[in-house]
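# Fold and geometry: a report
What follows is each chain in one-letter form.
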Amino acid sequence: MLKCAALALGYSFWIYELLLLTVLFMMGMTFTTSTALAMECERDNAGTASALFGAVCFSFGGIVSPLVGIGNILVSKGVIFVICSLCSLSSILLALGRRRARLYFAFSTSQKR
């Protein structure tokens, strides 16, 4: 989201690159942990779980990559980032359930005040 704001507000290219580097670093940390957790859940079927996990990642990469190249690449990349962020948020809400999600958002909004 910050990258999209940096581009929309006309900040320097280097600020955008610094924000992108930060996001990619955090994604690398997240992906290795999520892979380890996915393999831990299905220890008996680790090969099948790894294949399924890889196929899902490969499929999403195949879906997103042509969408990024449509039109102005900076705008389309920003739109894809926002859509993927919303998909992540909906996955979190689905995983937490409605009751815990209400508690989470009530807590997060009270912290901003």
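These numbers come from a predicted model, not from an experiment.

About the criteria used
- Residues numbered from 1 in each chain as written.
- Predicted model: local features only at pLDDT ≥ 70, side-chain atom pairs only at ≥ 80, totals over all residues.
- Heavy atoms only, no water.
- Helix = DSSP H or I, 4+ residues; strand = E, 2+ residues; numbered from the N terminus.
- Buried < 20%, exposed > 50% of the residue type's maximum accessible area, 1.4 Å probe, protein only.
- Contact = heavy atoms within 4.5 Å.
- Areas by Shrake-Rupley, 256 points an atom, 1.4 Å probe, with all protein chains shown as cover.
- Axes fitted to C-alpha atoms, helices over the stretch in contact; angles between N-to-C directions.
- Parallel < 35°, antiparallel > 145°, perpendicular 65-115°, else oblique.
- Left-handed = near helix turned anticlockwise from the far one by under 90°.
- Nonpolar A, V, L, I, M, F, W, Y, C, P; charged D, E, K, R; others polar.
- pLDDT = per-residue confidence, 0-100.
- Patch = residues over 30% accessible without salt bridge, like charges linked within 9 Å, V, L, I, M, F, W, Y side chains within 5 Å.
- Salt bridge = Lys/Arg side-chain N within 4 Å of Asp/Glu carboxyl O.

So, about the overall build of the chain. Looking only at helices and strands, one finds 4 helices and 0 strands in the chain. Mapped from its N terminus to its C terminus, the chain presents α and β elements in the order α-α-α-α. Every one of the 113 residues in the chain was classed for burial, and the buried ones make up 11%. Considering only contacts in the chain between residues 6 or more positions apart, those separated by 24 or more positions represent 22%. Here the chain displays about 9100 Å² of accessible surface, and carbon together with sulfur accounts for 72% of that area.

Between two packed helices, the angle of one axis relative to the other and the distance separating the axes together describe the packing. It is at 9 Å that the axes of helix 2 (residues 13-41) and helix 3 (residues 46-68) come closest, and there the two elements cross at 140 degrees. In terms of orientation, helix 2 lies oblique with respect to helix 3. Along this stretch, helix 2 crosses helix 3, giving a crossing that reads as right-handed. Counted together, Ser34, Thr35, Ala38 and Met39 of helix 2 and Ala46, Ala49, Ser50 and Phe53 of helix 3 form the full contact between these two elements. Each residue belonging to the contact of helix 2 with helix 3 can be placed in one class, and the counts come to 5 nonpolar, 3 polar and no charged.

Time to look at the environment of Ser76. Here Ser76 lies in helix 4 (residues 73-112). What makes Ser76 buried here is its relative accessible area of 9%. Look past the residues within four positions of Ser76 in its chain and what remains in contact with it is Leu67, Val68, Gly69 and Ile70.

Let us now look at the confidence of the model for the chain. With 79% of its residues at a pLDDT of 70 or more, the chain has an overall mean of 76. Mean pLDDT across the elements of the chain ranges from a minimum in helix 1 (residues 2-8), with 64, to a maximum in helix 3, with 82.

Bringing a nonpolar patch on the surface into the picture now. Judged by side-chain polarity, Leu52, Val56, Phe60, Ile63, Leu67 and Ile70 come together as a nonpolar surface patch covering roughly 590 Å² of accessible area. Judged by relative accessible area, Val56 falls into the partly exposed class, the value being 40%.

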